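Here's the letter readout for the chains.
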Amino acid sequence: MSRILTVAAAQLGPIQLAEGRDVAVARMVALMERAAKRGAELVVFPELALTTFFPRHYHEHRAEADRWFESAMPSNETAPLFAAACRLNLGFHLGYAERTPEGRHFNTAVLVNPSGQIMLKYRKVHLPGHAEFDPRRAVQHLEKRYFEVGDLGFPVIRAPIGGLDGVNMGMMICNDRRWPEAWRVLGLQRVELVMLGYNTPALNQAAAGFEAPHLRVFHSHLSIQAGAYQNATFAVGVAKAGSEDGNELFGHSIIVNPQGEIIAQAASWDDEVIVADCDLDMCRLGRTTIFAFGQHRRPEAYGRITGQVGAVDPPVFTG
Ligand code: CDV
């Protein structure tokens, strides 16, 4: 018997600097309604879904950036998402900027069930960008200024969702998808569905060398497809897309199966729902054959993965 979960990726078009959370939340509720009509049982929203991608904006005084953060989840402003989940009998995944009661700041995602319970929380580990204003850059990327490195690891939860008694679900956020270590930590917990949201500029703004624009999407898909295949899991990669105050974010949201195949893909750079029936039993083939970790992994040869951060030069052959 197959275990089918109908999953929606709810891509968001741009959110402008001047637009409030009410605008974003209303659009997200509309996307949840569209997803429910198409039979979705779980809706995945992007990274930092409630506001414009604010790490491109520099605040000299760190506290000024607090206006981008949520101190409670749900809050008055996000309550309509929780109400819609209940009304439509949908789970949802939401990325947002979290300010804890102790005043700590994280780039966070939560997984919420139709009863409004937060089943899992993840805080982004791989923060790209820089902490200080960089005059060489046309556009800033200040994640290292505004967020702490996530302190929850890469957790997986087994929980009922849709019509299924238990699904192994995990999360990563944007830049994490480029790091095989993140995928493997989830794979080692038998994850069956990885949810990840992203805000990725259509152009490389780092001013460190030329990167052909078409490779931006290629690298995103390559990372998600490889991660899903090598860990025998479904993956949902959901973009914020389009031009935010002149800064383009590529869309190309995808749903990927455990063979690494794209089974649904967004075609616009705007609000868009894509849906796929994910038969979670498809995860079994990979994890009982080529990626049967218990039989084939060799952690004794992987010491450098956790023992070392940066790369070192190899010994020189002297003949
Ligand atoms: N929000 C991100 O993490 N964006 C990065 C960009 C800076 C490359 C990404 O990996 O998509």
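For the structure itself, consult the block above.
Residues numbered from 1 in each chain as written. Predicted model: local features only at pLDDT ≥ 70, side-chain atom pairs only at ≥ 80, totals over all residues. Heavy atoms only, no water.

**A closer look at helix α4 (residues 180-187)**
Inference 1: Burial in α4 covers these residues: Ala-182, Trp-183, Leu-186 and Gly-187. For α4, the buried positions fall inside an angular range of 135° around the axis, keeping them on one side.
Inference 2: The secondary structure elements touched by the buried residues of α4 are β6 (156-161), β7 (164-173), β8 (193-198), α5 (214-230), β9 (234-239) and α7 (293-296). (Buried < 20%, exposed > 50% of the residue type's maximum accessible area, 1.4 Å probe, protein only. Helix = DSSP H or I, 4+ residues; strand = E, 2+ residues; numbered from the N terminus. Arc of directions from axis to C-beta. Contact = heavy atoms within 4.5 Å.)

**Considerations on the environment of Ala-65**
Inference 1: Checked against the element boundaries, Ala-65 lands in the loop between β2 (42-44) and α2 (79-88).
Inference 2: The class for Ala-65 is buried, based on a relative accessible area of 0%.
Inference 3: Discounting residues that sit within four places of it in the chain, Ala-65 has contacts with His-59 and Tyr-146.

**Considering the sheet that holds strand β3 (residues 91-99)**
Inference 1: Across the sheet, six strands lie side by side as β5-β4-β3-β2-β1-β14; this open sheet has mixed pairing. The open sheet terminates on both sides in strands that have one partner only, identified here as β5 (118-123) and β14 (272-279). In this sheet, adjacent strand axes meet at a mean angle of 25° when their direction is disregarded.
Inference 2: Strands β1 (4-11), β2, β3 and β14 of the sheet are contacted by helix α1 (residues 21-37), whose axis makes an angle of about 45° with β14. (Pairing = 2+ DSSP bridges. Axes fitted to C-alpha atoms, helices over the stretch in contact; angles between N-to-C directions.)

**Regarding the environment of Thr-6**
Inference 1: Among the secondary structure elements, Thr-6 is positioned in strand β1.
Inference 2: Of the residues examined, Thr-6 reaches a relative accessible area of 10% and is grouped as buried.
Inference 3: Residues Thr-6 and Ala-35 lie 29 residues apart in sequence; the distance between their C-alpha atoms is 9.6 Å.
Inference 4: In contact with Thr-6, other than residues within four places in its own chain, are Arg-38, Gly-39, Ala-40, Glu-41, Leu-42, Val-275, Ala-276 and Asp-277.
Inference 5: Side-chain polar atoms of Thr-6 contact the side chain of Asp-277, separated by 2.8 Å. (Polar contact = N/O pair within 3.5 Å; in protein donor to acceptor, adjacent residues only side chain to side chain.)

**Quick word on the site of the ligand**
Inference 1: In the vicinity of the ligand, the contacting residues are Glu-47, Phe-53, Lys-124, Pro-128, His-141, Glu-143, Cys-174, Asn-175, Arg-177, Arg-178, Asn-199 and Thr-200.
Inference 2: One of the side-chain N or O atoms of Glu-47 is found 3.1 Å from a nitrogen atom in the ligand.
Inference 3: Arg-177 is positioned such that a nitrogen or oxygen atom in its side chain is 3.3 Å from an oxygen atom of the ligand.
Inference 4: Compared with its free state, where it exposes 310 Å², the ligand has 89% of that area covered by protein.
Inference 5: Here the ligand is seated within the second largest pocket. (Near = heavy atom within 4 Å. Areas by Shrake-Rupley, 256 points an atom, 1.4 Å probe, with all protein chains shown as cover. 1 Å grid on protein atoms, 1.4 Å probe; cavity = no way out; pocket = protein on both sides within 12 Å on 5 of 7 lines; lining within 4 Å. Sits in = over half its atoms within 2 Å of the grid points.)

**What about empty space enclosed by the protein?**
Inference 1: Under the definition given, this model contains one cavity of 30 Å³ or more.
Inference 2: The space that makes up the largest cavity amounts to roughly 30 Å³.
Inference 3: Lining the largest cavity, in full, are Leu-48, Ala-49, Leu-50, Thr-51, Phe-54, Trp-68, Glu-70, Tyr-96 and Ala-97. (Points joined across faces, edges and corners; volume = space filled by probe spheres on them.)

**What to know about the pairing of β7**
Inference 1: Along β7, nine of the 10 residues are buried, which leaves the element largely enclosed by surrounding structure.
Inference 2: Pairing between β6 and β7: five bridges, direction antiparallel. Considered in β7, the bridge of Ile-161 is made with Leu-164.
Inference 3: As paired strands, β7 and β8 are joined by five bridges and run parallel to one another. Bridge pairing links Met-171 to Met-195 in β8.

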